[in-house]
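Here is how the chains run, residue by residue.
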Amino acid sequence: MGDVFNEQIVKRVPTLKDTIIKACIWVLVGVIGAASFVVLSHFAMLVVLGLFFGARFLIGYLNVEYEYAFTNGELDIDIIYDQLRRKRVFSVNMRQIEAMAQLNDSKHAAAFGAAQERRDYSSGVHGADTYALVAVQGGRRILVIIEPNEKMLRALKR
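Residues numbered from 1 in each chain as written. Predicted model: local features only at pLDDT ≥ 70, side-chain atom pairs only at ≥ 80, totals over all residues. Heavy atoms only, no water.

## Some words on the nonpolar core
A general feature of soluble globular proteins is that nonpolar side chains tend to end up buried together. Core analysis: the largest hydrophobic core is formed by 24 residues, its most contacted members being Y68, L75, I77, F90, L133, V144 and I146. Elements represented by at least two residues in this core include exactly β2 (64-71), β3 (74-81), β4 (85-93), β7 (131-137), β8 (140-146) and α4 (150-157). Once you skip the residues sitting within four places of it in the chain, F90 turns out to touch L75, D76, I77, R119, Y121, L133, A135, Q137, I142 and V144. Counting residues in each nonpolar core, the second largest holds six residues, with A101, F112, A115 and L143 among its members. (Core = buried A, V, L, I, M, F, W, Y, C linked by side-chain atoms within 4.5 Å. Buried < 20%, exposed > 50% of the residue type's maximum accessible area, 1.4 Å probe, protein only. Helix = DSSP H or I, 4+ residues; strand = E, 2+ residues; numbered from the N terminus. Contact = heavy atoms within 4.5 Å.)

This is the structure we're talking about:
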């Protein structure tokens, strides 16, 4: 029996809140940039460039992907911001999982409802391919929402 390794990328769908935040950032850059031309005429271009790069950096945190990596019984979930910055947000051994089923499965609703913490690492559009798992870590039950593809689902079930 060889090593089992699967990985999958899931892109989060931008929400209305994300769009409003982006618009507010750009409006703020425009207002501060215009004000800087009035007040700091000689240094205004530097201020505008700094604002532009700062806004681009902040907006990068709204472009989110999740990477699921399953290796020999360990599920690791990383968050990737703007395809540049990566951070491990969840890691679990399959032995720590109490329940795993489709998110809308009524048989597991009690187990999902008993979780003390909820983390959504899916695209944000919950459908038939959205699953939830309940894991115990540090004495707390954590509900984790994911969207595994068929290959990842087979590996997780094994």
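Structure's up, so let's keep going.
## Some details on the sheet that holds β4
Here four strands make up an open sheet; going across it, the order is β1-β2-β3-β4 and the pairing antiparallel. Whereas interior strands pair on both sides, the edge strands pair on one side only; in this sheet they are β1 (5-11) and β4. Recorded for the sheet is a direction-independent mean angle of 20° between the axes of neighbouring strands. Two elements, β2 and β3, share eight bridges in a ladder whose sense is antiparallel. (Pairing = 2+ DSSP bridges. Axes fitted to C-alpha atoms, helices over the stretch in contact; angles between N-to-C directions.)

## Re the sheet that holds strand β5 (residues 97-102)
Taken together, four strands build an open sheet; the order of strands is β5-β7-β8-β6 and the sheet is mixed. The open sheet has two edge strands with one neighbour each: β5 and β6 (117-120). Each neighbouring strand pair of the sheet contributes to a mean axis angle of 20°, computed without reference to strand direction. The sheet contact formed by β5 and β7 spans five bridges and is antiparallel. Bridging from a neighbouring strand, Q102 pairs with Y131 of β7.

## With respect to the packing of helix α1 (residues 16-39) against helix α2 (residues 44-60)
A packed helix pair is summarised by two numbers, namely the angle formed by the two axes and the spacing between the axes. Contact geometry of α1 with α2 gives a least axis separation of 9 Å together with a crossing angle of 170°. By the angle class used here, α1 and α2 are roughly antiparallel. Facing K22, I25, W26, V29, I32, G33, S36 and F37 of α1, the residues of α2 in contact are A44, V47, V48, L51, F52, A55, R56, L58 and I59. Taken together, the residues of the contact of α1 with α2 break down into 13 nonpolar, two polar and two charged. (Parallel < 35°, antiparallel > 145°, perpendicular 65-115°, else oblique. Nonpolar A, V, L, I, M, F, W, Y, C, P; charged D, E, K, R; others polar.)

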